[in-house]
Amino acid sequence: MIGAVTDGAAAAERQLTRLRHDPSAITLTLGAPVVLVIIFGYIFGSAIAVPGGGNYREFLLPGLFATTAANILPSMVAMARDSSRGVVDRFRSLPIARMAVPFGQAAATTIYGLGSFVLMGLCGFAVGWRIERGAGYAIGALALVAAFQFAATWVGMYLGLVLGNEQAAGQASILVFPVTMLSNVFVPTSGMPAWLRAIADWNPISALAAAMRQLFGNPTAPANGAWPLLHPVLASVGWLLLLLAIFVPLCAARYARA
């Protein structure tokens, strides 16, 4: 067990070192939150009304936290690149735990994801977003969104191993984007058709966005009677545990024969 943890830490350090020497990746990782806040907070925000008359940017920022946490594209592309270039084969030939590399990538993604969350929060403060509840709830929100990102990374890594090609993984982004849009991240779901609203209300990203709003004390969207939106924190924890239970074994098995 100790050896597996040590190997995983070394793999995480490799990922962080590679990111540190890739200015374009750093720019995209840290710059994306700023772009999202500007585009949706200012360009689209003036045309969107929040239920109860709240500030749209206070409604939006928690949703952007959820969107960033659920973004599986970086891990999917990174694993597909390593797989297509033979890096996975070289790691498998080393005397290290088989789960070390996937675990290291998931841990590294979570670590630099925390940097994105902090920067997004600072951008939010600059445009009027505020944490309305205490520091304890804010820390809880940060822990929840980081844990969800850790779980979502395993989904991305598994899909990257299945695709096995960096270009194909990049093109798959068109299939991931609608999952984020079909949620309560940007607009309340109450105006959607009933069948579409049911899908959006049970979207894990909707639960996470609602949990962020609840923990930060920001304006919330109508729950429409959906259990995940009535109990968003519990639902978010349940979703991330389900993702881990499904995709950690799948990723481990796929990695072993990649």
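As a convention, each chain's residues are numbered from 1 in the sequence order in which they are written. Since the coordinates come from a predicted model, pLDDT governs what is reported: local features require at least 70, and pairs of side-chain atoms require 80 or more to be given and counted, while whole-chain, interface and lining totals use all residues. In computing side-chain properties, one takes all heavy atoms of the structure into account and sets aside hydrogens as well as water.

Centres within 6.5 Å are what make two rings of Phe, Tyr or Trp a pair, Trp counting through its six-membered ring; a difference in plane orientation under 30 degrees is then read as stacked, over 60 as edge-to-face, and the rest as tilted. In the structure shown here, the tally under the stated rule is nine aromatic pairs. Taken together, the ring pairs in this structure connect F65, F117, F125, W129 and F216 into an aromatic cluster. Across the ring face of Y137, the terminal group of R133 is positioned such that the distance to the ring centre comes to 3.6 Å. Two limits define a charge over a ring: the Lys NZ or Arg CZ must be within 6 Å of the ring centre, and within 35 degrees of the ring normal. Positioned over the ring face of F59 is R213, at 3.7 Å from the centre of the ring.

Let us look at the nonpolar core. With 50 residues, the main nonpolar core has F65, L208 and M212 as its most contacted residues. What counts as a helix is a DSSP run of H or I of at least four residues, what counts as a strand is a run of E of at least two, and both are numbered from the N terminus. Those elements that place two or more of their residues in this core are α2 (23–43), α3 (56–69), α6 (100–126), α7 (135–163), α11 (204–216) and α13 (232–256). By residue number, the principal contributor to this core is α7, which donates twelve residues. Throughout, a contact is declared for two residues whenever any of their heavy atoms are within 4.5 Å. Residues within four places of L208 in sequence aside, it is in contact with A66, A69, L144, V145, F148 and S236. To define a nonpolar core, start from buried Ala, Val, Leu, Ile, Met, Phe, Trp, Tyr and Cys residues and group those joined through side-chain atoms within 4.5 Å. With a 1.4 Å probe rolled over the protein chains alone, any residue whose accessible area is under 20% of its type maximum counts as buried; one over 50% counts as exposed, and the rest are partly exposed.

Here N224, not a glycine, exhibits a phi torsion of approximately 55°, which is positive. Of note, N224 is situated in the loop between α11 and α12 (227–230).

Its 14 residues place the ends of α3 20 Å apart at the C-alpha level, agreeing with the 20 Å of an ideal helix rising 1.5 Å per residue. Burial of α3 is extensive: 13 of the 14 residues sit out of reach of the surface. Nitrogen and oxygen atoms within 3.5 Å of one another constitute a polar contact, given that in protein one can donate a hydrogen and the other can accept it, and given that sequence-neighbouring residues count only through two side-chain atoms. One side-chain oxygen of the residue at the start of α3 lies 2.7 Å from the amide nitrogen of R57, identifying that residue as N55. In this scheme, a helix's expected span is set at 1.5 Å multiplied by one less than its residue total.

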